[in-house]
Amino acid sequence: TNEKRPCALGLLERGLCYSQLGEHARAIADLTEVIKATPKETLLYEKRGGAYLALGKYQEALKDFNTALLRGTESG
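To start, this report covers the structure provided alongside it. (Residues numbered from 1 in each chain as written. Predicted model: local features only at pLDDT ≥ 70, side-chain atom pairs only at ≥ 80, totals over all residues. Heavy atoms only, no water.)

1. Re the overall build of the chain
Right, so step 1: Each helix and strand in the chain was counted, giving 4 helices and 0 strands.
Right, so step 2: The order of helices and strands in the chain, counted from the N terminus, is α-α-α-α.
Right, so step 3: The principal-axis extent of the C-alpha atoms belonging to the chain is close to 40 × 25 × 20 Å.
Right, so step 4: Partitioning the intrachain contacts of the chain with sequence separation of at least 6 by distance along the chain shows that 37% fall at a separation of at least 24.
Right, so step 5: Accessible surface computed for the chain: about 5,500 Å², of which carbon and sulfur atoms make up 54%.
Right, so step 6: Taken as two groups, the 11 positive and 10 negative side-chain charges of the chain have centres that lie 4 Å from each other. (Helix = DSSP H or I, 4+ residues; strand = E, 2+ residues; numbered from the N terminus. Contact = heavy atoms within 4.5 Å. Areas by Shrake-Rupley, 256 points an atom, 1.4 Å probe, with all protein chains shown as cover. Lys, Arg positive; Asp, Glu negative; His and termini not counted. Charge placed at Lys NZ, Arg CZ, Asp CG, Glu CD.)

Following this line, the structure appears as structure tokens:
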């Protein structure tokens, strides 16, 4: 097949939009793909952690927030 995979920036933007719309499961799916492409970006873990938190998936959220902290997140 000749399917093109979405670019990481496009997935990031779409994932952030899904989060704003309250579609957190879709946001998590997109952000997970972006993390695979750029695993050192701590902000991605924070954004995905926020989506997990909104769904009440506290263990997953905690894992992402801890990852961001251990990698030296720049956010407050």
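2. Quick look at the nonpolar core
It is characteristic of soluble globular proteins that their nonpolar side chains tend to be buried jointly.
Right, so step 1: Core analysis: the biggest nonpolar cluster contains 8 residues, these being L11, L12, L31, V34, I35, L44, Y45 and A68.
Right, so step 2: For this core, the secondary structure elements donating two or more residues are α1 (8-20), α2 (24-37) and α3 (42-54).
Right, so step 3: Broken down by element, this core gets its largest block of residues, 3 residues, from α2.
Right, so step 4: In this structure, A27, I28, Y52 and A61 belong to the second largest nonpolar core, which totals 6 residues. (Core = buried A, V, L, I, M, F, W, Y, C linked by side-chain atoms within 4.5 Å. Buried < 20%, exposed > 50% of the residue type's maximum accessible area, 1.4 Å probe, protein only.)

3. Focus on the pattern of salt bridges
Right, so step 1: A complete count under the given rule lists 4 salt bridges for this structure.
Right, so step 2: With a closest N to O distance of 2.9 Å, E23 and R26 form a salt bridge.
Right, so step 3: Residue class for E23 comes out partly exposed when judged on its relative accessible area of 31%.
Right, so step 4: Where E33 meets K36, a salt bridge forms, and the shortest distance between an N and an O atom there is 3.1 Å. Of this pair, E33 and K36 both sit in helix α2, separated by 3 residues, roughly a single helical turn. (Salt bridge = Lys/Arg side-chain N within 4 Å of Asp/Glu carboxyl O.)

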